[in-house]
Every structure is written in C-alpha cells, then in structure tokens.
Amino acid sequence: MGDVHIVRRRALAAALQESGIDAALITRLVNVRYLTGLASSNAALLVWADGSATLSTDGRYAGTAAAVCPDLETVIDRRTALVLAERAAAGPAQVLLGFEDHHVTVRQHKDLAAVGDTLTLTSLDQAVERLRTVKDETELDLLRRACAITDAAFEAVLPRIRPGMTERELAVALERQMVDLGAEAPAFDSIVAAGPNGAVPHHRPGDRPIAEGDLVTMDFGARCDGYHADMTRTIAVGRVADWQRETYELVAAAQRAAVQAAVDGAETRAVDAAARDLIREAGHGDHFPHGVGHGVGLEIHEAPLMGYDKTGRLSDRATITAEPGVYLAERGGVRIEDTLAVRADGPEILTKTTKDLLVV
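Scoring rules and cut-offs
Residues numbered from 1 in each chain as written. Predicted model: local features only at pLDDT ≥ 70, side-chain atom pairs only at ≥ 80, totals over all residues. Heavy atoms only, no water. Helix = DSSP H or I, 4+ residues; strand = E, 2+ residues; numbered from the N terminus. Rg over C-alpha atoms; globule rule 2.2 N^0.38 Å. Buried < 20%, exposed > 50% of the residue type's maximum accessible area, 1.4 Å probe, protein only. Contact = heavy atoms within 4.5 Å. Areas by Shrake-Rupley, 256 points an atom, 1.4 Å probe, with all protein chains shown as cover. Lys, Arg positive; Asp, Glu negative; His and termini not counted. Charge placed at Lys NZ, Arg CZ, Asp CG, Glu CD. Pairing = 2+ DSSP bridges. Axes fitted to C-alpha atoms, helices over the stretch in contact; angles between N-to-C directions. Core = buried A, V, L, I, M, F, W, Y, C linked by side-chain atoms within 4.5 Å. Salt bridge = Lys/Arg side-chain N within 4 Å of Asp/Glu carboxyl O. Polar contact = N/O pair within 3.5 Å; in protein donor to acceptor, adjacent residues only side chain to side chain. Phe/Tyr/Trp six-rings, centres within 6.5 Å; stacked < 30°, edge-to-face > 60°. Lys NZ or Arg CZ within 6 Å of the ring centre and 35° of its normal.

## Considerations on the overall build of the protein chain
Then comes step 1: A count of helical and extended segments in the protein chain gives 10 helices and 19 strands.
Then comes step 2: Computed over C-alpha atoms, the radius of gyration of the protein chain comes to 23 Å, within 12% of the 21 Å expected from 2.2 N^0.38 for 360 residues, which places it in the range of a compact globule.
Then comes step 3: Oriented by its inertia axes, the alpha-carbon framework of the protein chain measures out at about 75 × 40 × 40 Å.
Then comes step 4: For the protein chain, buried positions account for 52% of its 360 residues.
Then comes step 5: If you take every contact in the protein chain between residues at least 6 apart in sequence, the share linking residues at least 24 apart comes to 66%.
Then comes step 6: Carbon and sulfur atoms make up 50% of the accessible area of the protein chain, which amounts to about 15500 Å² in all.
Then comes step 7: Charge centroids of the protein chain, computed over 38 positive and 53 negative side chains, lie 2 Å from each other.

## Observations concerning the sheet that holds strand β12 (residues 231-236)
Then comes step 1: Spatially, three strands are ordered β8-β9-β12 in an open sheet, and the strand pairing comes out antiparallel. The open sheet is flanked by β8 (191-194) and β12, the only strands paired with a single partner. Each neighbouring strand pair of the sheet contributes to a mean axis angle of 10°, computed without reference to strand direction.
Then comes step 2: Two strands pair when backbone bridges link them, and strand β9 (residues 215-220) and β12 are joined in this way by six bridges, in the antiparallel orientation.

## Considering the pairing of strand β18 (residues 338-341)
On a regular strand, one side chain projects to one face of the sheet and the next to the other, so that they alternate.
Then comes step 1: Side chains D338 and L340 of β18 all project onto a buried face; the interleaved residues T339 and A341 project onto the opposite face, where all are buried too.
Then comes step 2: Pairing between strand β15 (residues 319-322) and β18: four bridges, direction antiparallel. Among the inter-strand pairings, T319 is bridged to a residue of β18, identified as A341.
Then comes step 3: Bridge analysis of β18 against strand β19 (residues 348-349) gives two bridges, and the strand direction is antiparallel. By the bridge assignment for β19, L340 is matched with I349.

## Topic: the sheet that holds strand β4 (residues 73-76)
Then comes step 1: As summarised here, the arrangement of the six strands in space is β4-β3-β2-β1-β5-β6, forming an open sheet in which the pairing is mixed. Because the sheet does not close on itself, it has two edges, and the strands there are β4 and β6 (119-123). The sheet shows a mean angle of 25° between the axes of neighbouring strands, taken without regard to direction.
Then comes step 2: Examined bridge by bridge, strand β1 (residues 23-26) and strand β2 (residues 43-48) share four bridges and lie antiparallel to one another. Bridge pairing in β2 places L25 opposite L46.

## Considerations on the nonpolar core
Then comes step 1: One finds I26, L45, L55, L170, V216 and M218 to be the most contacted residues of the largest nonpolar core, which totals 54 residues.
Then comes step 2: The biggest single contributor to this core is helix α7 (residues 137-157), with eight residues.
Then comes step 3: Within the second largest apolar cluster, 28 residues are counted, among which are A252, V259, M306 and L328.

## Focus: the pattern of salt bridges
Then comes step 1: Counted by the stated rule, this structure contains 31 salt bridges.
Then comes step 2: With a closest N to O distance of 2.7 Å, D214 and R208 form a salt bridge.
Then comes step 3: The buried category is assigned to D214, whose relative accessible area is 7%.
Then comes step 4: Classification of R208 by relative accessible area gives partly exposed; the value is 25%.
Then comes step 5: Through salt bridges with shared partners, a single ionic network connects R28, E129, R132, K135, E299 and E302.

## Focus: the side chain of D214
Then comes step 1: Here D214 lies in the loop between β8 and β9.
Then comes step 2: Engagement of the side chain of D214 in a polar contact is seen with the side chain of R208, the distance being 2.7 Å.
Then comes step 3: At 2.8 Å, the side chain of D214 forms a polar contact with the backbone nitrogen of A211.
Then comes step 4: Those residues in contact with D214 that lie beyond four places of it in its chain are A194, G195, R208, P209, I235, A236, V237 and Q244.

## Let's talk about unusual backbone geometry
Then comes step 1: A cis amide bond links A303 to the next residue, P304, at an omega of 0°.
Then comes step 2: Checked against the element boundaries, P304 lands in strand β14 (residues 302-306).
Then comes step 3: Despite not being glycine, E330 has its phi angle at roughly 70°, a positive value.
Then comes step 4: Along the chain, the position of E330 falls in the loop between β16 (325-328) and β17 (332-335).
Then comes step 5: When its relative accessible area of 77% is taken as the criterion, E330 is described as exposed.

## Details of the packing of aromatic side chains
Then comes step 1: Under the definition given, this model contains one aromatic pair.
Then comes step 2: Here F154 and F220 contribute two aromatic rings whose centre-to-centre distance is 6.3 Å and whose plane-to-plane angle is 15°, an arrangement assigned as stacked. Of this pair, F154 sits in helix α7 while F220 sits in strand β9, and the two are 66 residues apart along the sequence. The exposure classification of F154 matches that of F220, with both residues buried.
Then comes step 3: Its guanidinium or amino end placed over the ring of F288, R276 lies 4.1 Å from that ring's centre, counting from NZ or CZ.
Then comes step 4: Above the face of the W243 ring, R331 is positioned so that its terminal group lies 4.3 Å from the ring centre.

Take a look at the structure:
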C-alpha cells in the first residue's frame, strides 16, 4: 500500500500549493494513518508543498514504522508534533505551517507557536478530511470486505434469535461472529434494541429478553484494516402487528428514496430530505430525530454528514450510510441502514442483506 500513501500525500501537497501553505503538520492520528499507513497512539507527519514528508513517532512504533513505510523519513521522538515543527522552523526562511486546528488543543497551539520566529501557523481547514471523503480503490476493497463480513455475520446469527435471548447476548453473538469471520474488531459497540427499547436510536443492549411480538433493531458492523462497515436491520419476532408492518414499510420506502438520491453531485441536505419528506408526510416527522446518514471509512462517522441542516455535495467514490428511522415511544422503532459508495452510474450498495421484513 506504500504507493497509495504516496499518492495521498501528493494530493495533500497539491492542496497546500493551491492554498499558498508551505507545509502541513498532521497530528490527528487517523489522518496520519491515512497518509502513511501507520496506526499508532503517538505520531505526527510533516508534509511539504513539494510532496516530501517526515514522520515522527516514539520508540514503541519504530519497528512498525520501518515495516509499514520504509521509504518515509522517520524521526523517533516522543515529542512528535513539536520535533517536526522544530524541523520546519530550522531554516532561515519564513514558513507558513498549516495545522489541524480542529484537533490541536490551546496548550499544544501555544507550544507550537513558541517554536521559533520563522514559523507562522495557519489553519489547514480539515484538508485531509476533505481528501478522505473520496475513497480510492484500496479503500473501497477494504470497505467491501468489511461489509461482506457484516452481511455474513447477520446471516449466521439470524437463526439463533429466539424469545428469551437477551439484547446483550444477541449483541455479543453478532460481534463474536464478525471476528470469527475475519474482522479485526467490531466497527463500534453494537446496538441491539428489542420491543419498546427500539424507540431509543442509540439504545445500549441490556438484559431485557427478546419477547414474542417484538421488533428488534440491530445496528452493527465489522472493521477490516481500519475500515468500518455500518448496517442496521430491524426484524420481527413471532408475529407482526399492523402498526409494526406499516412503520417498517414507511422506513423501507424512505431508505430507498435516500439511496436513490445519493448520486454524484447531490446536495447532502437533499439526500436527507428525500427520506425525511416521506416520513413527515406520513405524520412521523417528530419521530425521525437524526440525520439520514454520514460518511464512513477510517472512522465510523466522518464527512460528509447528511441532515436537514448540513451543507455540501456528494462526490463519486464517497462512502456513506443511508439510515432513516421512526421511533415510537413506549412501543418500539424501525431503522434500516446500508453502507454504500456513490458512483457516477448509481450507488453501489456495499451491505447486501435483504431489507424485506424478516420474521423469526
């Protein structure tokens, strides 16, 4: 993957040239990983506008850095960001240094500003995050793999779901199955919400037993080499009441509308509106309290965000979720979610589990 990371650093260097910034100091660990391949708890990266770069990490990751990015100059020093800032300021010329102001603390900024008179700090304005919204083929392949494991885990666990099984037991079964199928870990803490708990969008699975007549919402995903899948399915146990089927069909229609709206160039708020308008027209506008989706990749929630109050446009090879829901207090809820890639010829659905209402 070394060539991939070189291409990504060159893209950042081009953005620096366009902005008139001499160099970028990358301190968000997820962005360091994106640009180098190094996953660590202490690292920083200095990227110059000519494309040259220096990585800094501490002794715990020296061997890993040498193996993952052998052609990248590496400085072993626990003061990762400061040592790179000192390098940037070492010459006689003035250097305009971009930094990640959405990540750097006030104290860290004070330390960076004190490095030297030749250094002037300026905001990078989330330049790396903007690059990350468009996935390369290496990333798409990892996301496809994570989603395939997620699908397979659901298929394997579905026959085990029965009345008396607790929410926590089901969550553990899903997570164990994903790891057994090759995931490095669950993408996030799985949500399992049964019966009236389904009215809470981010319910934490507990000891409530699943009961006959429940709707059960499962929101989970696998992580593969740092890339996250995100899928939600709602099933019925034993029997389906009229209100449950009506709610499910409404959410399914809203989810289809959001997926169909997720095209190259679409405004993010328009994707949200495609689902939200259907839900509102059905009288459930107050029962859909979150955005219709979000970007997904090296982070489970990343740009772009899609909500009625969000701005921006989707682009080819952006990977996002589409996850409308309706939540009815003291009764239950329905959410249906897929991970998908925006493509020029229409969205590529990466999570392929059926969205028909399954009854176990």
